[in-house]
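Descriptive structure summary
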Amino acid sequence: MTFTPHGKHLVEGEWVATDATFSSEPAHGPSHTFCVGTPDLVARACTAAEAAFETYGYSNRETRAGFLNAVADEIEARGAAITQIGTQETGLPEARLEGERGRTCGQLRLFADHILRGDYLDRRHDTALPDRAPLPRPDLKMIQRPIGPVAVFGASNFPLAFSTAGGDTAAAFAAGCPVVVKGHAAHPGTGEIVAEAIHAAIQKTGMPAGTFSFIQDNGYEVGSALVQHPLIRAVGFTGSLRGGRALFDLCAARPEPIPFFGELGSINPVFCLPGAIENRAEALGQAWAASLLMGAGQFCTNPGVALVVKGQQADTFVEATVSALQDATPQTMLTDGIAEAYARGVAEIASTHGVQQLVSETSQGRQAVAALYKVTSAEWQANKTLSEEVFGPVGLVIEVEDIDEMVVLAKSFDGQLTCTLQMEDADMAHAARLLPVLECKAGRVLVNGFPTGVEVADTMVHGGPYPASTNFGATSVGTLSIRRFLRPVCYQNMPDALLPESF
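A few points on the structure.

Cut-offs and rules
- Residues numbered from 1 in each chain as written.
- Predicted model: local features only at pLDDT ≥ 70, side-chain atom pairs only at ≥ 80, totals over all residues.
- Heavy atoms only, no water.
- Helix = DSSP H or I, 4+ residues; strand = E, 2+ residues; numbered from the N terminus.
- Rg over C-alpha atoms; globule rule 2.2 N^0.38 Å.
- Contact = heavy atoms within 4.5 Å.
- Areas by Shrake-Rupley, 256 points an atom, 1.4 Å probe, with all protein chains shown as cover.
- Lys, Arg positive; Asp, Glu negative; His and termini not counted.
- Charge placed at Lys NZ, Arg CZ, Asp CG, Glu CD.
- Buried < 20%, exposed > 50% of the residue type's maximum accessible area, 1.4 Å probe, protein only.
- Phe/Tyr/Trp six-rings, centres within 6.5 Å; stacked < 30°, edge-to-face > 60°.
- Lys NZ or Arg CZ within 6 Å of the ring centre and 35° of its normal.
- Polar contact = N/O pair within 3.5 Å; in protein donor to acceptor, adjacent residues only side chain to side chain.
- Pairing = 2+ DSSP bridges.
- Axes fitted to C-alpha atoms, helices over the stretch in contact; angles between N-to-C directions.
- Core = buried A, V, L, I, M, F, W, Y, C linked by side-chain atoms within 4.5 Å.

**What about the overall build of the protein?**
- Helix and strand content of the protein: 14 helices and 21 strands.
- By the compact-globule yardstick of 23 Å for 503 residues, the protein fits well, its C-alpha radius of gyration being 24 Å.
- If you line up the protein on its principal axes, its C-alpha atoms span 75 × 70 × 40 Å.
- Considering only contacts in the protein between residues 6 or more positions apart, those separated by 24 or more positions represent 77%.
- Here the protein displays about 19,900 Å² of accessible surface, and carbon together with sulfur accounts for 52% of that area.
- Distance between charge centroids for the protein: 7 Å, based on 35 positive and 55 negative side chains.

Structure, rendered in structure tokens:
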């Protein structure tokens with residue numbers, strides 16, 4: 001199935017063209033032309049979202065669940081066309097796009113089931129105590145209510161699962177919030193066809209036209225206008241620390257500040273404890289390399305740092321990692337800009353004092369090759385730049401003298417999305433020392449696995465202390481992510497006829 005983008009924006013149920021345009025930069029296949037959004041278009045979309053909220057925000061759970069399932073149906077109906085344009089724009093293999101499409105539809109359906117159960121509402125009721133002394137207690141009911149229109153930014157590395165109809169959009173729709181999406185310029189055609197699917201679901205289910213809008217841009221004007229518009233009540237973002245922090249600051253500087261739920265990346269340290277290194281150093285090195293290479297390292301959960309106690313088995317671990325990375329073939333990165341940033345990041349690590357280069361070849365254009373470096377604990381702590389995420393297939397081994405030094409180093413880490421313990425039963429005491437530190441540093445702590453691959457489930461936490469994310473009490477994956485777009489309301493002595501339907 002062939003899909004040719006028309007390049008327009010979706011606003012208030014209409015496909016709208018604007019004068020300025022930009023061209024896509026696909027990994028292969030034809031380039032297409034897309035319209036550039038404007039602040040006026042953003043204002044129109046936000047006004048339409050506010051009007052839609054008056055209906056959609058007060059719709060019942062069955063209606064919203066039906067809409068979520070309809071969006072999934074429409075995405076699935078366009079499956080072949082989504083894969084075709086997605087692989088062209090991103091260079092990702094067909095299997096990856098098909099798997100991501102399944103995840104995207106799966107989380108839409110998961111939220112449909114979740115809101116039907118009603119647990120997310122956290123309903124509470126304190127009955128009236130009119131005879132209580134010294135003062136009577138009124139009847140009190142509390143429930144979670146939708147906050148209003150939400151802005152969502154598409155992510156470069158997940159053209160489906162974290163973009164137009166991704167987790168942020170699904171959670172907002174489930175909560176009862178209309179969504180305005182700023183499409184990502186790395187995959188504008190993929191964003192457009194998914195927007196078409198949402199538009200079709202709106203028409204099929206009779207949702208208000210302003211429930212969803214989609215605006216393209218290859219710069220910063222649309223994003224800045226969107227987060228500053230007074231009708232937007234929250235923002236969902238997945239991307240770089242630099243870009244996310246700029247938008248976070250704009251949200252905080254508004255006359256009425258709003259929450260910015262930014263997932264900004266992480267280096268996801270792996271703590272290789274002595275028993276694990278002693279018993280499976282070679283296999284562990286190979287497995288770490290495989291995780292580093294997955295998706296050309298373009299995951300926010302890429303395990304970029306491994307900590308080992310120096311010694312002969314640690315050397316075996318490093319040698320196995322080196323061998324696996326050297327055997328890997330170059331991989332296509334998502335955009336020219338990401339490839340250039342990866343090359344700069346690798347060069348900066350290589351030029352840092354005290355860093356030993358283990359694997360490093362020059363990447364060519366958009367084709368990235370893996371890199372591996374080693375550093376002592378002292379040099380790591382002396383060079384703050386080493387703790388910054390480099391988006392791509394690069395790993396850094398930190399050698400420590402003993403477990404005491406590993407614990408000290410763990411305490412020095414910034415906030416992370418994940419921390420991993422590679423351990424055996426003999427390492428239990430060491431793990432018990434590290435765990436209280438790691439659970440303060442990360443939203444997810446793993447044992448004997450690797451963080452690449454984020455399960456969409458009720459229990460998942462994809463977030464962590466800053467700079468991993470801007471709100472450590474939230475998650476951008478899993479059903480708990482709906483709480484970002486809800487707020488508690490208490491009803492005192494409220495007649496049942498006036499209470500929300502969901503109560």
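**What to know about the environment of V400**
- As for its position among the elements, V400 is in strand β18 (residues 394-400).
- For V400, a relative accessible area of 1% puts it in the buried group.
- Apart from the residues within four sequence positions on either side, V400 is in contact with V308, V309, K310, S377, E405, M406 and L409.

**Focus on the packing of aromatic side chains**
- Counting across every chain of the model gives 15 aromatic pairs.
- Ring centres of F248 and F260 lie 6.2 Å apart, and the angle between their planes is 75°; this geometry places the pair in the edge-to-face category. Residue F248 is found in helix α8 (residues 241-253), and its partner F260 is found in strand β11 (residues 260-263); the two are separated by 12 residues along the sequence.
- What makes F248 partly exposed here is its relative accessible area of 26%.
- Here F260 falls in the buried class, since its relative accessible area comes to 4%.
- Aromatic side chains F261 and F485 sit 6.0 Å apart centroid to centroid with 90° between the ring planes, which places their arrangement in the edge-to-face category. Here F261, found in strand β11, pairs with F485, found in the loop between β20 (442-447) and β21 (486-492); they are 224 residues apart in sequence, far enough to count as distant.
- The positively charged end of R96 is found above the aromatic ring belonging to F158, 4.8 Å away from the centroid.
- When the ring centre of F261 is taken as origin, the NZ or CZ atom of R484, which lies over that ring, is 6.0 Å away.

**Remarks on the environment of D249**
- Within the element layout of this structure, D249 appears in helix α8.
- Overall, the relative accessible area of 37% leaves D249 in the partly exposed class.
- Residues D249 and F260, 11 residues apart in the sequence, show an inter-C-alpha distance of 9.0 Å.
- A polar contact is formed between the side chain of D249 and the side chain of R245, at a distance of 2.8 Å.

**Let's talk about unusual backbone geometry**
- The residue after A133, namely P134, is reached through a cis peptide bond having omega 5°.
- Positionally, P134 belongs in the loop between β5 (124-126) and β6 (140-146).
- With an omega of 10°, the peptide bond running from Y466 to P467 counts as cis.
- Relative to the elements of secondary structure, P467 occurs in the loop between β20 and β21.
- Backbone geometry at D122 places phi at a positive 50°, although glycine is not the residue there.
- With respect to the helices and strands, D122 occurs in the loop between α4 (94-117) and β5.
- For D122, a relative accessible area of 21% translates into the label partly exposed.
- The residue N268 is not glycine, and still its phi comes out positive at about 50°.
- Looking at N268, the relative accessible area reads 0%, which means it is buried.

**What to know about the sheet that holds strand β13 (residues 305-309)**
- Strand order in the open sheet made by the seven strands is β15-β17-β18-β13-β12-β19-β20, with mixed pairing throughout. Edge positions in the open sheet fall to β15 (356-360) and β20, since each of these has one partner strand only. The sheet shows a mean angle of 20° between the axes of neighbouring strands, direction not considered.
- Summarising the sheet, β15 and strand β17 (residues 371-376) pair through four bridges and their orientation is antiparallel. In the sheet register, Q356 faces β17, and the bridge partner there is K374.
- Against the sheet, helix α11 (residues 336-350) engages β15, β17 and β18, with an angle of about 30° to β17.
- Lying over the sheet, helix α14 (residues 428-441) contacts β12 (270-272), β19 (416-422) and β20, oriented at roughly 150° with respect to β20.

**What to know about the side chain of T475**
- Mapped onto the elements, T475 comes out in the loop between β20 and β21.
- A relative accessible area of 3% means that T475 is categorised as buried.
- One polar contact links the side chain of T475 to the main-chain carbonyl oxygen of V477, over a distance of 2.7 Å.
- Contact partners of T475, with chain neighbours within four places excluded, come to M460, V461, H462, L480, S481 and R484.

**A short note on the sheet that holds β6**
- Ordered in space as β5-β6-β21, the three strands form an open sheet in which the pairing is antiparallel. Of all the strands in the sheet, the pair left with one neighbour each is β5 and β21. Taken pair by pair, the neighbouring strands of this sheet meet at an average axis angle of 25°, ignoring direction.
- Judged from the three bridges that link them, β5 and β6 form a sheet pairing that is antiparallel. Pairing of D126 across the sheet is with L140, part of β6.

**Remarks on the environment of N383**
- With respect to the helices, strands and loops of the structure, N383 is situated in the loop between α12 (377-382) and β18.
- When sequence neighbours within four positions are dropped, the list of residues in contact with N383 reads T352 and H353.

**Thoughts on the nonpolar core**
- Core analysis: the biggest nonpolar cluster contains 94 residues, and F212, F271, W380 and F485 have the highest contact counts within it.
- Excluding anything up to four places from it in sequence, W380 contacts I267, V305, V375, L386, S387, L396, I398, L409, S412 and F413.

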